[in-house]
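Architecture and fold: a report
Given next are the chains, with one letter for each unit.
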Amino acid sequence: MNVVTLQQWLLFEADVALYLAAGLSFSIVSGFLSWCLLVTRSFKPMNDGHQDVVLPSPAHGLNLHDASVTLTQVQLLGEDAKETFASYTITLTWGSKLDSHSKLLRKRYSEFAALAVAIKTEAKDRAAVPALPSKSLIRLLNPAYLEKRRQGLELFMHQVASNPKLANLPSVRQFCALP
């Protein structure tokens, strides 16, 4: 085999490898696009007698027990050091990642404390009432303390939301601005 034939053979093999790689890439992309088309078409209403799944919306009566609850951030608000307070952002999400409804709430610790008192008043089973993170006698606004408190408040909200009896109490629905 001479050098020219070897070079031609190597070029041919390189071309074949490139064509195979391009074909594989094309099949991956076309498969993904087909999946996207299938997913978007599957959300169209069906006229075969089956009832469509209706995700909760403000007009359909939201239930905290069906929501995903997260406390996403702590923010310090106020004009000066005496008036500064921590505000916690609560995100309530209903539905799937593709089609969901979310609600954002901003609450202070004192509002969580008032909710805990109201739950204890309204709940018949006081053992089911979750505990709040403790209140500090000294006004601590450092990030580590606020993050620990945020985690405790998130746990409190998860426990309230996971208990259907607590999640449907009027005080809880009012706290979450649910009708």
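Fair warning: this is a prediction, and the values are worked out from it, not measured in the lab.

What counts, and at which threshold
- Residues numbered from 1 in each chain as written.
- Predicted model: local features only at pLDDT ≥ 70, side-chain atom pairs only at ≥ 80, totals over all residues.
- Heavy atoms only, no water.
- Buried < 20%, exposed > 50% of the residue type's maximum accessible area, 1.4 Å probe, protein only.
- Helix = DSSP H or I, 4+ residues; strand = E, 2+ residues; numbered from the N terminus.
- Pairing = 2+ DSSP bridges.
- Phe/Tyr/Trp six-rings, centres within 6.5 Å; stacked < 30°, edge-to-face > 60°.
- Lys NZ or Arg CZ within 6 Å of the ring centre and 35° of its normal.
- Axes fitted to C-alpha atoms, helices over the stretch in contact; angles between N-to-C directions.
- Contact = heavy atoms within 4.5 Å.
- Salt bridge = Lys/Arg side-chain N within 4 Å of Asp/Glu carboxyl O.

1. With respect to the pairing of strand β2 (residues 85-95)
Counting buried residues in β2 gives eight out of eleven residues, a clear majority hidden from the surface. Here nine bridges tie strand β1 (residues 68-77) to β2, and the two strands are oriented antiparallel to one another. Residue pairing for β2: Q73 is matched across the bridge by T89.

2. What to know about the packing of aromatic side chains
With the rule as written, the count across this model stands at two aromatic pairs. When the ring of Y88 is compared with that of F112, the centres are 6.2 Å apart and the planes differ by 85 degrees; the resulting orientation is edge-to-face. With Y88 in strand β2 and F112 in helix α2 (residues 109-122), this residue pair connects regions lying 24 residues apart in the sequence. When its relative accessible area of 0% is taken as the criterion, F112 is described as buried. Through successive ring pairs, a cluster of aromatic residues spans Y88, F112 and F175. When the ring centre of F85 is taken as reference, the NZ or CZ atom of R108 above it lies at 3.9 Å.

3. Some thoughts on the sheet that holds β2
Spatially, β1-β2-β3 is the arrangement adopted by the three strands of the open sheet, whose pairing is antiparallel. Every other strand in the sheet has two partners, leaving β1 and β3 (100-107) as the edge strands with one partner each. Across this sheet, the average inter-strand angle for adjacent strands is 20 degrees, counted without regard to direction. Its contacts with the sheet put helix α3 (residues 143-162) on β1 and β2, and the angle it makes with β1 is roughly 150 degrees.

4. Points about the side chain of S87
Within the secondary structure layout, S87 lies in strand β2. Overall, the relative accessible area of 3% leaves S87 in the buried class. If we ignore the near neighbours within four places in the chain, the residues touching S87 are Q73, V74, Q75, L77, R106 and K107.

5. Comments concerning the pattern of salt bridges
Summed over the entire model, instances satisfying the criterion amount to two salt bridges. Note that R150 and E147 form a salt bridge whose closest N and O atoms lie 2.7 Å from each other. Of the two residues, R150 and E147 both sit in helix α3, three residues apart, roughly one turn of that helix. Taking relative accessible area as the criterion, E147 reaches 31% and is therefore assigned partly exposed. Residue R150 is joined to E154 by a salt bridge in which the shortest nitrogen-to-oxygen separation is 3.4 Å. Taken as a pair, R150 and E154 lie in helix α3 at a separation of four residues, close to a single helical turn.

Functional significance is not addressed by these values, which are geometric in nature.
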